[in-house]
Structures are given as structure tokens and as C-alpha cells.
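# Structure assessment
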Amino acid sequence: MIFLATLPLFWIMISASRGGHWGAWMPSTISAFEGTCVSIPCRFDFPDELRPAVVHGVWYFNSPYPKNYPPVVFKSRTQVVHESFQGRSRLLGDLGLRNCTLLLSTLSPELGGKYYFRGDLGGYNQYTFSEHSVLDIVNTPNIVVPPEVVAGTEVEVSCMVPDNCPELRPELSWLGHEGLGEPTVLGRLREDEGTWVQVSLLHFVPTREANGHRLGCQAAFPNTTLQFEGYASLDVKYPPVIVEMNSSVEAIEGSHVSLLCGADSNPPPLLTWMRDGMVLREAVAESLYLDLEEVTPGEDGVYACLAENAYGQDNRTVELSVMYAPWKPTVNGTVVAVEGETVSILCSTQSNPDPILTIFKEKQILATVIYESQLQLELPAVTPEDDGEYWCVAENQYGQRATAFNLSVEFAPIILLESHCAAARDTVQCLCVVKSNPEPSVAFELPSRNVTVNETEREFVYSERSGLLLTSILTIRGQAQAPPRVICTSRNLYGTQSLELPFQGAHRLMWAKIGPVGAVVAFAILIAIVCYITQTRRKKNVTESPSFSGGDNPHVLYSPEFRISGAPDKYESREVSTRDCH
């Protein structure tokens, strides 16, 4: 829709009715193209009692007062005019009919300004009207674009040019309108009394791609070289579209990460980086970086970029994956079990990517999973052999961590076959080796003497604990000729076992023939056997633990426990320590 007030031409009136006052009517402003002509419409009036025989008139330029000697544009009494208007001005109206319309031709910029009319009825009946017209000399068409052009909404753009020259009529055409629509020519329209314009309309639905498009209008005058062009750039408003953003990002823990979000919109958008609903950074800009220094696993996740302006919004997300070595595994589950029970151990960790998890015991792989964060170890019916130290190891390409844990299997005592008695001259020493958990009590019974010796009798029994093994030694003096029967009995809360200890050698009485020196040698051999068994088991516990990198894997060493107690006077003891093994 065209608002004709865009060229504010209107008539100015001194008197509302003819016949009583001096008055004049002319457009306040009027426009024309340079090089063409312009017709300034004008009417005037005077009192009826003045009955002049001849009516004359004068047009002045830029001043209404003759005393200021303004340039004369036209004078009906003479042909004397200012040099700027010679051959360029003439009166189109009939002053006798109170029509003072003026025609100016071959317009140039210096002719732009105010034009005043003075009525001359003879004698003192002369009057210069203060009302005037302002002539605007133009050289470009006027392209009128709505104050707001929104993508997707139809708009009307108009091209308007003055058409106030009766000798030359402009023809309008659009420039750069391809793809925007076909123009509609409205032709010559009257804006206000005495002023005219040529109008052409262009209707189209703009897209975001049309923003900044240069649209032109041309006014040409047939049979002349006169041609004028005007241009306007379209300011198309449209909502944001995010056009630039990182794809999914992988970063190593401790590295620097820079996330970019760029959007296309008009006006520029408010860009906001968010994570879990929390605003991390925002700014009005076409692009916005989010810099993360020394990223941690806690910064792993989905980041969102929101772009918005008054016409809409857009958002996109990017996933940041922080790669890191496994954390130290945690172990949950049974650590103490009774023989025959089912044991379930859960080993878990965190890492990115998911690790390879493995559970070892004495370098033997018991369970493993690939690219899983948890590993379940199931032992359906544990035995004493399942007792011991285990390792859970987690590793990926960024590192390795391990955790040790112990499984304690509780069971009834088992007297091992290496238990025996040995005699040397007048001394008998009996060795009872018991495997159990928890630690058992051990007693030696001599049925022929109706005597029971336990480990509380310090002078006669020596006991040493190594892992699950308890080794007890009984020393009996004065028994070389007739070695007695010796029964070893061991018990804990899960049960009791007894074993008559065999004597080593082909015949029991052979010990009597060995003599004192032989007894000492035999005793030394017995001590060596005990030390060998003890140290072998210790070394096995220590050396067979797997080695892992990482620097924080615990090394569990079992320390021997010594339990020594008293006994009756007719027995004597020899206390054995690790010093006897060297």
C-alpha cells in the first residue's frame, strides 16, 4: 500500500473563501528530475471590491520582499528576469483567471529553492504572498522499502518518481528483481492538488538469502538521453541458523579443548554455550568459542549451543568425550568364606574408553572382559586352594591400574603327610604340620603314658605359623630305646583331625645306635626340613604375586607368628627360630 504523504505536497491557503481577502494556494513542496521541467500549480485571490482592468504578477526566487531585490523568475509586465531563468521560465496560468501556475524547464540544481508569487493589480494594490513552494531537484528515483522486512513474509516495495513535467513523462523499470517477482505498474497518480507521481510496485516473499540484495529502479524519459537510477539494499530479518559447530570431540585428559558455534541471522544472535542447563558463556556475536583448559573426566558430556534473536532461535549439541586411563579398581564382595560356599567378587573401575578387566591369582587368569567397566568372578564352591591374594587389573591405551585383594577360606584342620617323628639317641622329636583356617589348636598325645601335651606347655612344644600352615614340634628326652606312640590332634571351630605320627627309618630301635653325635645331626636335619618348608612357602607367597605398573600396587607379605607355651618338667624343648635356618 502506498502512502502518498511520502511526498508531502499540499496546498496552502490564506483565505477560505473567495471575495474578501488576499490569498494564494500552491504546493508546499514539489519535485522534478534534473534536466526536465516542472509545473508549479498556483491560484490566488483578492478582494472583490478591487476591480482591476489588468492583473499582473511576479515570481520571486528565495525571498518574498522586493526591497531585498530577489532574483525575478517571471514578470508579466516585462520580459526582464534573472539570468538564471532566462529562457527557462514562463507562465502557464491566466492571471486574469487568478491562475498563477509557473513552468520551469531545463532544470539544474541551482534552481532548487523557494518560489514566491506577488499579485499586481495596479497602484497600491500589490501583495506578495508569504506562502511559497519549495522546488526539489532530484536525480534518483525514490525506492520505498517497509521499515521491517521479515523472511517468509510478503512485502511490497515501491518505486516513486515525480511526474510534474507536462512535456516529459517518465517510464519506470526494476533492476535486479529477478527471482523476487514481477512488478506491477500503477502509472501516474495524483498525490495532492497539482502534484503527480509515477509508481511501480514489486511484491515478493523474501528469503534469508535476499538479505543485502541490491534492488534498483530506473526512470527513463523517451526520446531523450535522460535516465536516472536508484538502489536500495534489502535488510531482511530472519531467525538464527547454526551453520558452524564442532562434530563430536575426543580429547585426552589434561589437554586444551576449544568448541566453536557460529550462526547466521539478522540481526546478529545471542549465542549461549550451556551444559546441563548451566550457562558457561554467552555473547551477541556471529560466532562464539568455548575454551576448556586441562579437561577432566568430569567435563565429559554433551554441550549445547543456543542461538536466538527477536525472530526465532536454533540450537545444536556437541558431545565431548574425555579419554583417560582407568581409575584404581574397586573390589566388592565376599572376602571371607567357609569351604564349600559360593564366592562372588565384583571388580569395577571407570575409564574412557572402557578397559580390559582381568582378575589374576598367582599369575593365572581367572576371569577377564574386554571393554567393560565391571568384571564378576564366581567361585561356586571354594576350597582351601582358593585362599590367597588376588589382583584385579584394569588397562586401556592410556594406562593401567591394579588392586590387590585377599580371599580367606575357612576350613577344618588337615594334618599333612609330612608330619612324623624322628629319634636320635635318647631324644625323640615329633613334627605335626597342620593346614587350617582359622588357626587351630594342636596337642600331642602319648597314650602309653596317658599324657597330652599342648602348645601352652612352653618347654616341650614349639609352634610356627606360616600362611595357612601351623608347624608344631614336640621334643621328648630319654625315649630312644622305646619310642612311644605319638598322636597329633588339631581342632578349630570347623572340626577336629587326629593322626598317629609315623617314625621315620627302617626300625625304631636304630635310633639307639646312633649315639649322641648322631642325635645332634638328626636334630639338625629335622630343623633344616622345617626351615626349608617354611621358607619355600614364604618365597612362593612373595614371588608369585604378579607385577603391575602404576606404582601403587600393594605387596602383601605374610609374617610368621610364634606361639610358645609351657609343659611339665620331665620334657624339655628346643626353641626354633629363623636364625636356625642360616
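All values derive from a computational prediction rather than experimental measurement.

Definitions and cut-offs
- Residues numbered from 1 in each chain as written.
- Predicted model: local features only at pLDDT ≥ 70, side-chain atom pairs only at ≥ 80, totals over all residues.
- Heavy atoms only, no water.
- Patch = residues over 30% accessible without salt bridge, like charges linked within 9 Å, V, L, I, M, F, W, Y side chains within 5 Å.
- Areas by Shrake-Rupley, 256 points an atom, 1.4 Å probe, with all protein chains shown as cover.
- Salt bridge = Lys/Arg side-chain N within 4 Å of Asp/Glu carboxyl O.
- Buried < 20%, exposed > 50% of the residue type's maximum accessible area, 1.4 Å probe, protein only.
- Pairing = 2+ DSSP bridges.
- Helix = DSSP H or I, 4+ residues; strand = E, 2+ residues; numbered from the N terminus.
- Axes fitted to C-alpha atoms, helices over the stretch in contact; angles between N-to-C directions.
- Core = buried A, V, L, I, M, F, W, Y, C linked by side-chain atoms within 4.5 Å.
- Disulfide = S-S within 2.5 Å.
- pLDDT = per-residue confidence, 0-100.
- Contact = heavy atoms within 4.5 Å.

### With respect to a nonpolar patch on the surface
On the surface, a nonpolar cluster with roughly 310 Å² of combined accessible area is contributed by I356, I370 and Y371. By relative accessible area, Y371 is classed as exposed at 56%.

### Here's the deal with the pairing of strand 34 (residues 399–415)
Bridging between strand 28 (residues 336–338) and strand 34 involves three bridges; their strand directions are parallel. Each residue of the ladder has a partner; that of V338, found in strand 34, is E410. The sheet contact formed by strand 33 (residues 388–396) and strand 34 spans nine bridges and is antiparallel. Across the sheet, the residue bridging to A394 is R401, located in strand 34. Between strand 33 and strand 34, which follow one another and run antiparallel, lie two residues.

### Focus: the sheet that holds strand 16 (residues 195–204)
Sheet architecture is open: four strands sit in the order 11-13-16-15, paired in antiparallel fashion. Whereas interior strands pair on both sides, the edge strands pair on one side only; in this sheet they are strand 11 (142–144) and strand 15 (183–192). Pairs of neighbouring strands in the sheet enclose a mean axial angle of 25°, with direction left out of account. The pairing of strand 15 with strand 16 spans eight bridges and is classified as antiparallel. Within the sheet, the bridge partner assigned to R190 lies in strand 16 and is W196.

### Things to note about the nonpolar core
In this structure, F44, W59, L104, Y115 and F117 are the most contacted members of the largest nonpolar core, which totals 30 residues. Of all the secondary structure elements, the ones that give two or more residues to this core are strand 2 (29–33), strand 3 (38–40), strand 5 (56–61), strand 6 (72–75), strand 8 (102–104), strand 9 (113–120) and strand 10 (126–138). For this core, the element with the highest residue contribution is strand 10, accounting for three residues. Counting residues in each nonpolar core, the second largest holds 27 residues, with F33, V138, V149 and F228 among its members.

### Considering the sheet that holds strand 24 (residues 287–292)
Pairing within the open sheet is mixed, and its four strands lie in the order 12-19-21-24. Strand pairing shows two members of the sheet lacking a second neighbour, strand 12 (149–150) and strand 24, which therefore form its edges.

### Comments concerning the state of the cysteines
Applying the stated criterion to the full structure yields seven disulfides. C37 shares a disulfide with C165; S-S distance 1.7 Å. Between C37 and C165 the disulfide shows an S-S torsion of about 95°. By sign, it is right-handed. Within this pair, whereas C37 is found in the loop between strand 2 and strand 3, its partner C165 is found in the loop between strand 13 (155–162) and strand 14 (171–175), the two being separated by 128 residues in sequence.

### Observations regarding the confidence of the model for the protein
Per-residue confidence for the protein averages 84 on the pLDDT scale, and 81% of its residues sit at or above 70. Long-range and interchain partners of residues 1–19, a stretch whose pLDDT sits below 50, account for 60 contacts in this model, where long-range means more than four residues apart. Note on residues 506–522: pLDDT under 50 across the span, and 23 contacts to partners over four residues away in sequence or across chains.

### Describing the environment of L431
Residue placement: L431 occurs in strand 36 (residues 427–437). Between the alpha carbons of L431 and L474 there is a distance of 6.7 Å; along the sequence they are 43 residues apart.

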